[in-house]
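Residue-level structural notes
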Amino acid sequence: MSPPANMGLLAGPAGGIRLEPRPMPRAPGPDDVVVRMLLAPVNPADLLAVDGGYAFALAADEPLGAEGVGIVEQLGSRVADLRSGDLVLPLDRGNWARYRVLPRDRLLAVPSGIDLPQAAMMRINPATAWLLLDGSGAGPGDCIVQNAAGSAVAHWVRRLAALRDVMVIDVVRPGSSFTGLADDERLEAAVRKASGGRPVRAALDCVAGDSTGRMAACLDADGIVLVFGHLSGDPSRVRSQLLTGRGLTVRGFSLRPAEAKMVPAARDKMVAALWTLAGQGAADLPIRAVLPLAEADQAIALARTPGPGRVLLDLDAISGM
Ligand SMILES: NC(=O)c1ccc[n+]([C@@H]2O[C@H](COP(=O)([O-])OP(=O)(O)OC[C@H]3O[C@@H](n4cnc5c(N)ncnc54)[C@H](OP(=O)(O)O)[C@@H]3O)[C@@H](O)[C@H]2O)c1
């Protein structure tokens with residue numbers, strides 16, 4: 001049987017996508033690895049990319065896909081710490097493709113014993129939660145608030161905050177099936193009560209719009225709002241008197257630039273800790289559906305509809321091609 005062709009899923013015109021043939025990978029350079037991609041989630045960041053919603057231009061001729069898991073097919077002559085058949089996570093975008101050639105240092109090796117769909121979701125959200133907690137400045141005995149509490153990031157924030165003895169107050173939009181305080185005009189009072197007198201140091205906000213202001217109102221003096229997502233689609237609005245009166249900071253957060261500022265030892269420590277937690281069962285996020293790359297349109301439409309669980313693309317499935 002002839003080897004399957006390489007394919008990539010790119011942003012199309014007017015918010016669409018296009019599946020197109022890509023060159024088969026060249027023989028790897030000495031420090032490179034040829035990876036056959038297996039599974040990739042459709043994350044909110046991917047929907048933003050499809051919609052052209054990023055504040056900077058993404059490469060128009062590169063496949064989409066913020067994260068995913070693949071299997072090593074071929075190794076460059078100088079790559080000594082991976083073997084053919086090992087599972088890996090590319091660190092960079094461009095994962096909605098069947099094959100990638102990447103330098104070894106742009107890959108994370110997946111330890112044995114991690115469920116494949118969960119591995120596909122380990123690159124972005126766990127590290128985001130880790131670095132949001134670092135950026136929150138919250139320490140033992142402190143409290144933070146987070147909105148979209150049913151999200152994968154929020155799941156990891158709860159797991160990691162517990163290890164730091166930081167209390168997390170979950171906030172959800174009205175009508176959410178996830179349990180949390182309602183994100184409405186009573187939020188500030190509800191958070192005061194739930195905090196039990198602990199200082200509320202930080203708000204992790206991935207909704208933006210008016211939610212940023214309601215989250216800011218929950219903070220104690222000198223607190224920080226970390227805005228890291230745009231689920232409402234609206235610009236953040238905060239009462240300016242809150243900023244002056246309480247000395248609040250509102251700061252944007254993005255994983256890749258934040259990681260780029262880490263010293264290698266700190267990044268290695270974070271990655272090791274996250275894999276340990278995943279091995280202990282922390283990576284147990286629900287899966288809604290797994291669809292072949294050829295059905296990416298349906299996968300994206302499904303990912304846009306509210307409901308629990310992640311939609312994954314099966315990048316290895318040949319059906320429909
Ligand atoms: N800046 C970064 O580097 C970075 C990295 C990772 C993730 N993020 C962002 O973090 C956010 C969460 O990502 P994720 O993958 O963890 O999300 P997810 O697992 O897909 O969950 C998103 C949750 O948000 C809730 N939601 C959706 N629209 C909402 C709205 N308009 N208002 C309030 N809640 C809403 C939904 O819950 P209900 O339906 O139950 O309300 C949904 O369960 C996204 O905005 C993502 O882009 C940013």
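Everything here concerns the structure above.
An account of the accompanying structure is given in this report. (Residues numbered from 1 in each chain as written. Predicted model: local features only at pLDDT ≥ 70, side-chain atom pairs only at ≥ 80, totals over all residues. Heavy atoms only, no water.)

1. Things to note about helix α3 (residues 125-136)
Which entries qualify depends on this criterion: The way it works is that DSSP assigns letters per residue, a run of H or I at least four long becomes a helix, a run of E at least two long becomes a strand, and they are numbered from the N terminus. Helix span is expected to be 1.5 Å times the residue number reduced by one. Exposure is judged per residue with a 1.4 Å probe applied to protein chains only, and the accessible area is read against the type maximum: over 50% gives exposed, under 20% gives buried, and values in between give partly exposed.
For α3, with 12 residues, the first-to-last C-alpha span of 16 Å sits near the 16 Å given by 1.5 Å per residue. When you tally the buried positions in α3, you get 10 out of 12 residues, the bulk of the element. Along α3, the positions that sit buried rather than exposed are Asn-125, Pro-126, Ala-127, Thr-128, Ala-129, Trp-130, Leu-131, Leu-132, Leu-133 and Ser-136. Taken from the residues just after α3, Gly-137 is the one with a positive phi, measuring 70°.

2. A closer look at unusual backbone geometry
Its identity is not glycine, yet Asp-165 carries a phi of approximately 55°, on the positive side. Inspection of the secondary structure puts Asp-165 in the loop between α4 (152-163) and β9 (167-172). With a phi angle near 65°, Asp-222 is a residue other than glycine that sits in the positive phi range. With respect to the element layout, Asp-222 can be found in the loop between α6 (210-216) and β12 (224-227). We classify Asp-222 as exposed; its relative accessible area is 63%.

3. Observations concerning the nonpolar core
Keep this limit in mind: In plain words, nonpolar cores are sets of buried Ala, Val, Leu, Ile, Met, Phe, Trp, Tyr and Cys residues tied together by side-chain atoms within 4.5 Å. Domain start and stop positions are those given by an automatic or database domain assignment.
Grouped together as the largest cluster of nonpolar side chains are 52 residues, with contacts concentrated most on Val-69, Met-122, Ile-144, Trp-156, Val-157, Leu-274 and Trp-275. Those elements giving two or more residues to this core turn out to be β3 (32-41), β4 (69-75), α3, α4, β11 (200-205), β12 and α9 (264-279). Mapping this core onto the domain boundaries places at least three of its residues in each of domain 1 (7-122 + 283-314) and domain 2 (125-257). Counting residues in each nonpolar core, the second largest holds 28 residues, with Val-33, Leu-82, Trp-96 and Ala-296 among its members.

4. Observations concerning the packing of aromatic side chains
For any two aromatic rings, the description comes down to two numbers: the centre-to-centre distance and the angle of the planes. Cut-off, in case you're wondering: In this analysis, rings of Phe, Tyr and Trp, with Trp reduced to its six-membered ring, are considered paired at centre separations within 6.5 Å, and the interplanar angle assigns stacked below 30 degrees, edge-to-face beyond 60, and tilted for intermediate values. Ring-over charges, as used throughout, are those where CZ of Arg or NZ of Lys falls within 6 Å of the ring centre and within 35 degrees of the ring normal.
On inspection of all chains with the given rule, the structure shows zero aromatic pairs. Against the face of Trp-130 rests Arg-164, its NZ or CZ located 5.3 Å from the ring centre.

5. A few points about the pairing of strand β14 (residues 287-292)
What counts, and what does not: Paired strands are those between which DSSP finds at least two bridges. Look down the strands so they point away from you; if the path from the first strand over the helix to the second goes clockwise, the crossover is right-handed.
Looking at chain direction, β14 and strand β15 (residues 310-314) are connected through five bridges and run parallel. Paired with Ala-289 across the two strands is Val-311, which belongs to β15. After leaving β14, the chain enters helix α10 (residues 296-304) and then returns to the sheet as β15, a path that is right-handed.

6. Re empty space enclosed by the protein
Applied cut-off: Cavities and pockets are found on a 1 Å grid laid over the protein atoms alone: a cavity is a set of points where a 1.4 Å probe fits but cannot escape, a pocket is an open set with protein on both sides within 12 Å along at least five of seven lines, and a lining residue has an atom within 4 Å of such a point. Grid points are joined across faces, edges and corners, and a volume is the space filled by probe spheres set on the points. Residues are sorted three ways: Asp, Glu, Lys and Arg are charged, Ala, Val, Leu, Ile, Met, Phe, Trp, Tyr, Cys and Pro are nonpolar, and all the rest, Gly among them, are polar.
Summed over the entire model, instances satisfying the criterion amount to one cavity of 30 Å³ or more. Estimates place the volume of the largest cavity at around 100 Å³. Forming the walls of the largest cavity are Leu-89, Leu-91, Leu-108, Met-122, Arg-123, Ala-127, Glu-259, Arg-267, Met-270, Val-271, Leu-274 and Trp-275. No other element matches α9, which puts five residues into the lining of the largest cavity. Residue composition of the lining of the largest cavity, by class: nine nonpolar, no polar and three charged.

7. Concerning the pattern of salt bridges
Rule in force here: Any Lys or Arg side-chain nitrogen located within 4 Å of an Asp or Glu carboxyl oxygen qualifies as a salt bridge.
Under the defined criterion, the tally for this structure stands at 19 salt bridges. Glu-62 is the salt-bridge partner of Arg-22, the closest N and O atoms lying 3.9 Å from each other. Taken as a pair, Arg-22 in the loop between β2 (17-21) and β3 and Glu-62 in the loop between α1 (44-50) and β4 lie far apart in primary sequence, 40 residues in all. A salt bridge links Arg-106 to Asp-92, with the shortest nitrogen-to-oxygen separation between them at 2.7 Å. Placement of Arg-106 in the loop between β6 (99-103) and β7 (107-109) and of Asp-92 in the loop between β5 (87-90) and β6 is noted, with a sequence separation of 14 residues between them. For Arg-106, a relative accessible area of 28% puts it in the partly exposed group. By sharing partners, the salt bridges in this structure join Arg-18, Glu-20, Arg-22 and Glu-62 into a single network.

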